[in-house]
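Each chain, written out:
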Amino acid sequence: MNRTILITASILGCLSIAFGAFGAHGLKELISVQGLNTFETGVRYQMYHALLLLFVGSTDFIKTRTKRNMYYLIVLGVLFFSGSIYGLATNKLTSFDFKTLGFITPIGGVFLISAWVLMIVDFVKNTFKNRV
């Protein structure tokens, strides 16, 4: 599982750099400043969670079951949250109206938050387990 997590983290990190560069250079003339800021929010959260996955895949402080659950929550969360933000920010450039999918943005956010909560719970359980 660690290998899968680390590979996914690397892919998400690489893509966030590419999307960030595309947003800064390729979209600058095509969308509004507000749209660029929105796009950058998606890039930022994707990178934060790529880094989180790098940590998760590299540590022994998190149980394997928790790692697996976090992995799925983060991948779905990034797809829903950042993916929908990318679509919403560039909505004027396509014939598809991404606003119809805007409801998945907060669902993705809940998935991302849930992954962090799982990690916190795992840390707290391990801390109390080691004290007893």
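Please refer to the structure placed before this passage.
Residues numbered from 1 in each chain as written. Predicted model: local features only at pLDDT ≥ 70, side-chain atom pairs only at ≥ 80, totals over all residues. Heavy atoms only, no water.

### Here's the deal with a nonpolar patch on the surface
A contiguous nonpolar patch, built from Phe-96, Leu-101, Phe-103 and Ile-107 and spanning about 360 Å² of accessible area, is present on the exposed surface. With respect to the element layout, Ile-107 can be found in helix 4 (residues 104–131). In this structure Ile-107 comes out as partly exposed when scored by relative accessible area, which is 33%. (Patch = residues over 30% accessible without salt bridge, like charges linked within 9 Å, V, L, I, M, F, W, Y side chains within 5 Å. Areas by Shrake-Rupley, 256 points an atom, 1.4 Å probe, with all protein chains shown as cover. Salt bridge = Lys/Arg side-chain N within 4 Å of Asp/Glu carboxyl O. Helix = DSSP H or I, 4+ residues; strand = E, 2+ residues; numbered from the N terminus. Buried < 20%, exposed > 50% of the residue type's maximum accessible area, 1.4 Å probe, protein only.)

### Concerning helix 1 (residues 2–26)
Here helix 1 contains 25 residues, and its C-alpha end-to-end distance of 35 Å stays within 8% of the 36 Å for a straight helix at 1.5 Å per residue. Listed in full, the buried residues belonging to helix 1 are Ile-5, Thr-8, Ala-9, Leu-12, Gly-13, Ser-16 and Gly-23. Structurally, helix 1 contributes buried residues whose contacts are with helix 2 (33–58) and helix 3 (64–89). (Expected span 1.5 Å × (residues − 1). Contact = heavy atoms within 4.5 Å.)

### Some thoughts on helix 2
End to end, helix 2 covers 37 Å across 26 residues, agreeing with the expected 38 Å (1.5 Å per residue, within 8%). Inspection of helix 2 places Gly-35, Leu-36, Phe-39, Gly-42, Val-43, Gln-46, His-49, Ala-50, Leu-52, Leu-53, Val-56 and Gly-57 among the buried residues, and these make up the whole buried set.

### Here's the deal with the packing of helix 2 against helix 3
Interaxial distance between helix 2 and helix 3 falls to 8 Å at its minimum, and their mutual angle equals 165°. Relative to helix 3, the element helix 2 is oriented roughly antiparallel. Crossing handedness for the pair helix 2 and helix 3: left-handed. Class assignment for the residues of the contact of helix 2 with helix 3 results in 14 nonpolar, 8 polar and 1 charged. (Axes fitted to C-alpha atoms, helices over the stretch in contact; angles between N-to-C directions. Parallel < 35°, antiparallel > 145°, perpendicular 65-115°, else oblique. Left-handed = near helix turned anticlockwise from the far one by under 90°. Nonpolar A, V, L, I, M, F, W, Y, C, P; charged D, E, K, R; others polar.)

### Overview of the packing of aromatic side chains
For the structure shown, the criterion picks out 8 aromatic pairs. When the ring of Tyr-45 is compared with that of Phe-81, the centres are 5.2 Å apart and the planes differ by 55°; the resulting orientation is tilted. In this pair, Tyr-45 sits in helix 2 while Phe-81 sits in helix 3, placing the two residues 36 residues apart along the sequence. You can call Tyr-45 partly exposed: its relative accessible area is 33%. Taken together, a centroid distance of 5.7 Å and an interplanar angle of 40° make the contact between Phe-80 and Phe-111 tilted. Residue Phe-80 is located in helix 3, and its partner Phe-111 is located in helix 4; the two are separated by 31 residues in the primary sequence. A residue is classified by how much of its surface remains accessible, and Phe-80, at 26% relative accessible area, is partly exposed. Members of the aromatic cluster, connected to one another through ring pairs, are Phe-19, Phe-22, Phe-39 and Tyr-86. (Phe/Tyr/Trp six-rings, centres within 6.5 Å; stacked < 30°, edge-to-face > 60°.)

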